[in-house]
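A look at the structure
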Amino acid sequence: MPTRTAEPPPGATTAAVHRTGGPAARARRTGRAKDWARRAPLLPALVFLVVVTQLPFLATVVISFTRWNALAPDNRGFAALDNYRAVFTDPAMRASVGTTVLLTVTVVLVSLLLGLGLALLLDRGFRGRGIVRTLLITPFLIVPVASALLWKHALYNASYGLINGSLTWIWRLFGSDSPPQPDWMTDSPLAAVEMSLIWQWTPFMMLILLAGLQSRASDAVEAARMDGASAFDIFRYLTLPHLRRYLELAALLGTVYVVQNFDAVFTITSGGLGTANLPYTIYQTVYQSHDYGRASAQGVVVVLCSLLVATFALRTVSSLLREEVTA
């Protein structure tokens, strides 16, 4: 004779539903568990990033409000906003700001123009394009200090540098024994730093713009050619508007990195002859003046300015990604 299963008392099912929260609550808990399961592997990296970047920055902010000079160890204490007042009223700091702006604008604009020209060249098919592309990318892969040393000794040196050696060879072809031998790092110090940075950052601009060119719709270009549009018209009305976002992205990212450049200035000119930019000025404040409070205030100001530029860069990247998704 089959046994009958005891039925739950009235209200027990309702109580169980209340305890578990119902299907919607269980689905939400399951979704949160899955989200944590996906994010859990990233937690060690997040903790490492906070420890390495955010905690030192917080320490820098705290030190920027203190009076701390290693040359006067007894005169230490809370300085309020004195370090920031000194930063904004320091003539050397204002000069370094002007140098940084001029250096950054020159390097970014020239690198953009050269990168655009190289990207347009590599967008065309020709034999050996892969080898040429690899060779053009190489300067960006060199360590910044090694790149600066290369320009300082192998190219700029007045006695055995390649530039002056080439001038000597050209002048001797025309029968002259007195070729010009300028001292590039003394006569044009800022231009010497700019040229080394342009050589290093042009491949970066080229890669971004080449990616933009290869994402361009080829059917629109072919239709314009069939309608009789010239190469300049295609570039002006099709290519350039399409590359606008990529140009903005390359300029903003290049600005973020060039503003923070220290290697080229330190290696080529040691910050002399009007080439001291913001990072080098902070270096002088720390290692020559030993004023840690003022150097921290300078660093905080530079970081805040860099964050403004980085914010525009992130917005440009987000707009590019949205365009790719909707395309």
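Below, the structure is looked at part by part. Please read these numbers as outputs of a predicted model, since none were measured by experiment. (Residues numbered from 1 in each chain as written. Predicted model: local features only at pLDDT ≥ 70, side-chain atom pairs only at ≥ 80, totals over all residues. Heavy atoms only, no water.)

**Focus on the packing of helix α6 (residues 129-141) against helix α10 (residues 189-214)**
Worth spelling out the cut-off: Every angle, taken between N-to-C directions, lies between 0 and 180 degrees, and every axis is a line fitted to C-alpha atoms, over only the stretch in contact when it is a helix. Working definition: helices are DSSP H or I runs of at least four residues, strands are E runs of at least two. Numbering for both runs from the N terminus. Each angle is binned into one of four classes, with values under 35 degrees roughly parallel, values over 145 roughly antiparallel, values of 65 to 115 roughly perpendicular, and all other values oblique. The crossing is said to be left-handed when, going from far helix to near helix, the turn is anticlockwise and less than a right angle, and right-handed when the turn is clockwise. The contact definition used throughout considers only heavy atoms, calling two residues in contact when any of these lie within 4.5 Å. Residue polarity is assigned by list, with Asp, Glu, Lys and Arg as charged and Ala, Val, Leu, Ile, Met, Phe, Trp, Tyr, Cys and Pro as nonpolar; anything else, Gly included, falls into the polar class.
Axis separation between α6 and α10 bottoms out at 6 Å; the angle between their running directions is 130°. Here α6 is positioned oblique relative to α10, judged by the angle of their axes. Viewed along their axes, α6 and α10 form a crossing whose handedness is left-handed. Along its contact with α6, which presents Arg 133, Leu 136, Ile 137, Pro 139 and Phe 140, the element α10 presents Trp 199, Gln 200, Trp 201, Pro 203, Phe 204, Met 206, Leu 207, Leu 210 and Gln 214. Looking at the contact of α6 with α10 residue by residue, the class counts come to 11 nonpolar, 2 polar and 1 charged.

**Points about the packing of aromatic side chains**
Here is the rule: Classification of ring pairs rests on two measures: the distance between centres of Phe, Tyr or Trp rings, Trp counted by its six-membered ring, which must be within 6.5 Å, and the angle between planes, read as stacked under 30 degrees, edge-to-face over 60 and tilted in between. The buried label goes to any residue with under 20% of its type's maximum accessible area, the exposed label to any with over 50%, and the partly exposed label to all in between, with areas taken from a 1.4 Å probe on protein chains only.
Enumeration according to the criterion identifies 15 aromatic pairs in this entry. Summarising the aromatic geometry, the rings of Phe 65 and Tyr 84 are spaced 5.4 Å apart at their centres and angled 45° between planes, so their arrangement reads as tilted. With Phe 65 in the loop between α3 (43-64) and β1 (66-67) and Tyr 84 in helix α4 (residues 82-89), this pair connects stretches of sequence that are 19 residues apart. When its relative accessible area of 14% is taken as the criterion, Tyr 84 is described as buried.

**Focus: the environment of Ser 166**
This is how it is decided: Throughout this description, a polar contact denotes any pair of N or O atoms lying within 3.5 Å of each other; where both atoms belong to protein, one of them has to be capable of donating a hydrogen while the other can accept it, and for residues adjacent in sequence the pair is counted only when both atoms sit in side chains.
The residue Ser 166 is located in helix α8 (residues 162-173) in this model. Residue class for Ser 166 comes out partly exposed when judged on its relative accessible area of 31%. Each C-alpha atom of the pair Ser 166 and Leu 155 lies 9.9 Å from the other, and the pair is 11 residues apart in sequence. Within the structure, the side chain of Ser 166 is placed 2.8 Å from the backbone oxygen of Leu 162, a separation counted as a polar contact.

**Remarks on the layout of surface pockets**
To keep things clear, this is the line we draw: The distinction between a cavity and a pocket rests on a 1 Å grid over the protein atoms alone: a 1.4 Å probe fits inside a cavity but cannot get out, while a pocket stays open yet meets protein on both sides within 12 Å along at least five of seven lines, and a residue with an atom within 4 Å of a point counts as lining. Grid points are joined across faces, edges and corners, and a volume is the space filled by probe spheres set on the points.
Taken as a whole, the largest pocket encloses approximately 400 Å³ of empty space. Forming the walls of the largest pocket are 14 residues, and the residues nearest its centre are Asp 123, Arg 124, Arg 216, Val 221 and Arg 225. For the lining of the largest pocket, the elements supplying multiple residues, two or more each, are α10, α11 (218-226) and α12 (231-242). In terms of residue class, the lining of the largest pocket is built from 6 nonpolar, 3 polar and 5 charged.

**Comments concerning the nonpolar core**
Soluble globular proteins tend to pack their nonpolar side chains together in the buried interior. Which entries qualify depends on this criterion: In these notes, a set of buried Ala, Val, Leu, Ile, Met, Phe, Trp, Tyr and Cys residues joined through side-chain atoms within 4.5 Å is what counts as a nonpolar core.
Membership of the largest hydrophobic core comes to 37 residues, with the highest contact counts inside it found for Leu 103, Leu 112, Val 193, Leu 197 and Ile 268. Sorting elements by how many residues they give to this core places α10 first, with 13 residues. Excluding anything up to four places from it in sequence, Val 193 contacts Leu 103, Ala 264, Val 265, Ile 268 and Thr 269. Ranked by size, the runner-up nonpolar core spans 10 residues in total, among them Ala 295, Ala 297, Val 300 and Val 301.

**Re the environment of Val 97**
Relative to the elements of secondary structure, Val 97 occurs in helix α5 (residues 91-122). Given a relative accessible area of 35%, Val 97 falls into the partly exposed group. Sequence separation between Val 97 and Pro 279 is 182 residues, and the spatial gap between their C-alpha atoms is 10.0 Å.

**Side note on the side chain of Asp 90**
Rule in force here: For this count, His and the chain ends are skipped, Lys and Arg are scored as positive, and Asp and Glu as negative. We define a salt bridge as a contact between a side-chain nitrogen of Lys or Arg and a carboxyl oxygen of Asp or Glu at a distance within 4 Å.
Take Asp 90: it is sitting in the loop between α4 and α5. Buried within the structure, Asp 90 lacks any salt-bridge partner; its nearest side chain of opposite charge belongs to Arg 294, at an N-O separation of 4.5 Å. Within polar-contact distance, the side chain of Asp 90 engages the backbone nitrogen of Ala 92 at 3.3 Å.

**Regarding a positive patch on the surface**
Rule in force here: Nonpolar side chains (Val, Leu, Ile, Met, Phe, Trp, Tyr) within 5 Å and like charges within 9 Å form the patches, drawn only from residues with over 30% relative accessible area and no salt bridge. Note on areas: Shrake-Rupley, 1.4 Å probe, and residue coverage restricted to the protein chains presented here. Here the site of a charge means NZ on Lys, CZ on Arg, CG on Asp, or CD on Glu.
A contiguous patch of positive charge on the surface is contributed by Arg 26, Arg 28, Arg 29 and Arg 32. On the secondary structure map, Arg 29 appears in helix α2 (residues 22-39).

**Examining a nonpolar patch on the surface**
Together, Trp 36, Leu 43, Leu 46, Val 47, Phe 48, Leu 49, Val 50, Val 51, Val 52, Leu 55 and Leu 58 make up an exposed nonpolar region whose accessible area comes to about 1000 Å². The leading source of residues in the nonpolar patch is α3, at 10 residues. Tracing the backbone through its elements, the reader meets Val 52 in helix α3. Among the residues examined, Val 52 registers a relative accessible area of 44% and is labelled partly exposed.

**A word on the pattern of salt bridges**
Counted according to the given criterion, the structure contains 4 salt bridges. Here Arg 245 and Glu 248 are joined by a salt bridge, their closest N and O atoms 3.9 Å apart. On the criterion of helical spacing, the pair formed by Arg 245 and Glu 248 is a turn pair, its members being 3 residues apart in helix α13 (residues 244-259). Residue class for Arg 245 comes out partly exposed when judged on its relative accessible area of 24%. For Glu 248, a relative accessible area of 27% puts it in the partly exposed group. Measuring nitrogen to oxygen at the nearest pair gives 3.9 Å for the salt bridge that ties Arg 294 to Asp 291. You can call Arg 294 partly exposed: its relative accessible area is 29%. In this structure Asp 291 comes out as buried when scored by relative accessible area, which is 14%. A cluster of three or more residues bridged by salt bridges with shared partners is formed by Arg 244, Arg 245 and Glu 248.

**Concerning the environment of Ala 250**
Summarising the element assignment, Ala 250 is placed in helix α13. Separated by 41 residues in sequence, Ala 250 and Leu 209 place their C-alpha atoms 7.8 Å apart. When sequence neighbours within four positions are dropped, the list of residues in contact with Ala 250 reads Leu 112, Phe 204, Met 205 and Ile 208.

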